[in-house]
Amino acid sequence: MAAGSESKLQLVHRHIRAFPDFPKKGILFRDICPILKDAAALTAVIDLFEEHVRNNHQQVDLIVGLDARGFLFGPLLAQRLGIGFVLIRKKGKLPGATVSVSYDLEYGKAEAEVQEDAVAAGQKVLLIDDLLATGGMQRQVWWKKRATRSWNKKCDKGLNKQDKCQNHGKASLPQ
Ligand SMILES: O=P(O)(O)OC[C@H]1O[C@H](OP(=O)(O)OP(=O)(O)O)[C@H](O)[C@@H]1O
Ligand SMILES: Nc1ncnc2[nH]cnc12
């Protein structure tokens, strides 16, 4: 990693606070609010995301953000990359035809939805969120195809068999 990138990562680290036992006993809550309050830290996060995407993904057509904290970073990254942004929202918030999925979180359960026409056949999307805990949200929303039936139908049409809705892995900045 370049020296510039390393110091950006340190800057990001310094702007993540840990709160033990929130919202429940036993959970170490990672609070990203200080990143948002600090222009340099926020710029550093988006710089690192942009660098990661440009170095690791040849083609990304859309950034898909997870409700709610994925919305804080997703549109900024999408704008940097010159591509669009799609919202995956908690159930009941999006108009028109949607597909939905239930999933378990580190603490509790949730149900998310995306508009059926949000992603076109063959488009490559990159999911973004503030934090990976159990990874339940990401797994359910994208990697388990059963939940994204209509996206997969479109993918089936747009891609060849080997390439169908392929998962190209996950990455996070501060580990
Ligand atoms: O790796 P996982 O176990 O899936 O947990 C991570 C998810 O949990 C949080 O969202 P949450 O729905 O709790 O709340 P939010 O509406 O504040 O983003 C977080 O923003 C991630 O989306
Ligand atoms: N440990 C954690 N910190 C912040 N947000 C979370 N969402 C799920 N687990 C979390």
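The rules behind these values
- Residues numbered from 1 in each chain as written.
- Chains lettered and ligands numbered in written order.
- Predicted model: local features only at pLDDT ≥ 70, side-chain atom pairs only at ≥ 80, totals over all residues.
- Heavy atoms only, no water.
- UniProt positions renumbered as here; feature names shortened; annotations may be inferred.
- Helix = DSSP H or I, 4+ residues; strand = E, 2+ residues; numbered from the N terminus.
- Buried < 20%, exposed > 50% of the residue type's maximum accessible area, 1.4 Å probe, protein only.
- Contact = heavy atoms within 4.5 Å.
- Areas by Shrake-Rupley, 256 points an atom, 1.4 Å probe, with all protein chains shown as cover.
- Near = heavy atom within 4 Å.
- Polar contact = N/O pair within 3.5 Å; in protein donor to acceptor, adjacent residues only side chain to side chain.
- Nonpolar A, V, L, I, M, F, W, Y, C, P; charged D, E, K, R; others polar.
- Pairing = 2+ DSSP bridges.
- Axes fitted to C-alpha atoms, helices over the stretch in contact; angles between N-to-C directions.
- Expected span 1.5 Å × (residues − 1).
- Core = buried A, V, L, I, M, F, W, Y, C linked by side-chain atoms within 4.5 Å.

- Per an unreviewed UniProt entry, the protein chain goes by Adenine phosphoribosyltransferase and derives from Amphiprion ocellaris.
- Under the Function (unreviewed entry) heading, UniProt states for the protein chain: "Catalyzes a salvage reaction resulting in the formation of AMP, that is energically less costly than de novo synthesis."

1. Description of the overall build of the protein chain
So, step 1. Looking only at helices and strands, the protein chain features six helices and seven strands.
So, step 2. In the protein chain, buried positions account for 38% of the 175 residues.
So, step 3. Long-range contacts, defined here as pairs at least 24 residues apart, represent 54% of the contacts in the protein chain between residues at least 6 apart.
So, step 4. Counting only carbon and sulfur atoms, one obtains 50% of the accessible surface of the protein chain, whose full area is about 10,200 Å².

2. Observations regarding the UniProt feature "domain: Phosphoribosyltransferase" (unreviewed entry) in the protein chain
So, step 1. Following the UniProt record, one finds the feature "domain: Phosphoribosyltransferase" (unreviewed entry) at residues 37–136.
So, step 2. What you have in residues 37–136 is 32% helix and 30% strand, and the ends, taken at the C-alpha atoms, are 28 Å apart.

3. Things to note about the site of ligand 1
So, step 1. Near ligand 1 lie 16 residues; those nearest to it are Asp129, Asp130, Ala133, Thr134 and Gly135.
So, step 2. Ala68 places a main-chain nitrogen or oxygen 3.0 Å from an oxygen atom of ligand 1.
So, step 3. Side-chain polar atom of Asp130 to an oxygen atom of ligand 1: 2.6 Å apart, as the coordinates give it.
So, step 4. With the chains in place, 88% of the 510 Å² that ligand 1 exposes on its own is no longer accessible.
So, step 5. Broken down by class, the residue content of the shell around ligand 1 amounts to seven nonpolar, three polar and six charged.

4. What to know about the sheet that holds strand β7 (residues 125–128)
So, step 1. Spatially, five strands are ordered β5-β6-β4-β3-β7 in an open sheet, and the strand pairing comes out mixed. Bordering the open sheet on either side are β5 (98–104) and β7, each of which pairs with just one other strand. The average angle at which neighbouring strand axes cross in this sheet is 30°, direction not considered.
So, step 2. One ladder, built from seven bridges, connects β5 with strand β6 (residues 109–115); its direction is antiparallel. Counterpart to Thr98 in the pairing with β6 is Gln115.
So, step 3. Taken strand by strand, helix α4 (residues 70–81) contacts β3 (62–66), β4 (84–90) and β7, and its axis lies near 165° from that of β4.

5. Notes on the site of ligand 2
So, step 1. Inspection of the region around ligand 2 gives Ile27, Leu28, Phe29, Arg30, Arg69, Glu106, Tyr107, Leu131 and Ala133 as its neighbouring residues.
So, step 2. A distance of 2.9 Å separates a nitrogen atom of ligand 2 from a polar atom in the backbone of Arg30.
So, step 3. Separating a nitrogen atom of ligand 2 from a side-chain N or O atom of Arg69 is a distance of 3.1 Å.
So, step 4. The protein chains hide 92% of the 260 Å² of surface that ligand 2 would expose on its own.
So, step 5. Of the residues in the shell around ligand 2, the class split is six nonpolar, no polar and three charged.

6. Brief notes about helix α3 (residues 39–56)
So, step 1. An ideal rise of 1.5 Å per residue puts 26 Å on 18 residues; α3 measures up with 26 Å between its terminal C-alpha atoms.
So, step 2. Taken as a whole, α3 has its buried residues at Ala41, Leu42, Ala44, Val45, Ile46, Asp47, Leu48, Phe49, Glu50 and Val53.

7. Focus on the nonpolar core
So, step 1. Membership of the largest hydrophobic core comes to 22 residues, with the highest contact counts inside it found for Ile35, Val45, Phe49, Ile63, Phe73 and Leu77.
So, step 2. Those elements that place two or more of their residues in this core are α1 (3–14), α3, α4 and β7.
So, step 3. Top element by residues in this core is α3. It accounts for eight residues.
So, step 4. If we skip the residues at most four places from it in the chain, Phe73 touches Ile32, Ile35, Leu36, Leu42, Val45, Ile46, Phe49, Ile128 and Asp130.
So, step 5. Among the nonpolar cores identified, the runner-up in size contains 13 residues, and Leu62, Val114, Val119 and Val125 belong to it.

8. Comments concerning the environment of Lys37
So, step 1. Tracing the backbone shows Lys37 in helix α2 (residues 33–37).
So, step 2. Assessed through its relative accessible area of 77%, Lys37 is described here as exposed.
So, step 3. The spacing of Lys37 and His15 is 22 residues in sequence and 9.1 Å in space, taken between C-alpha atoms.

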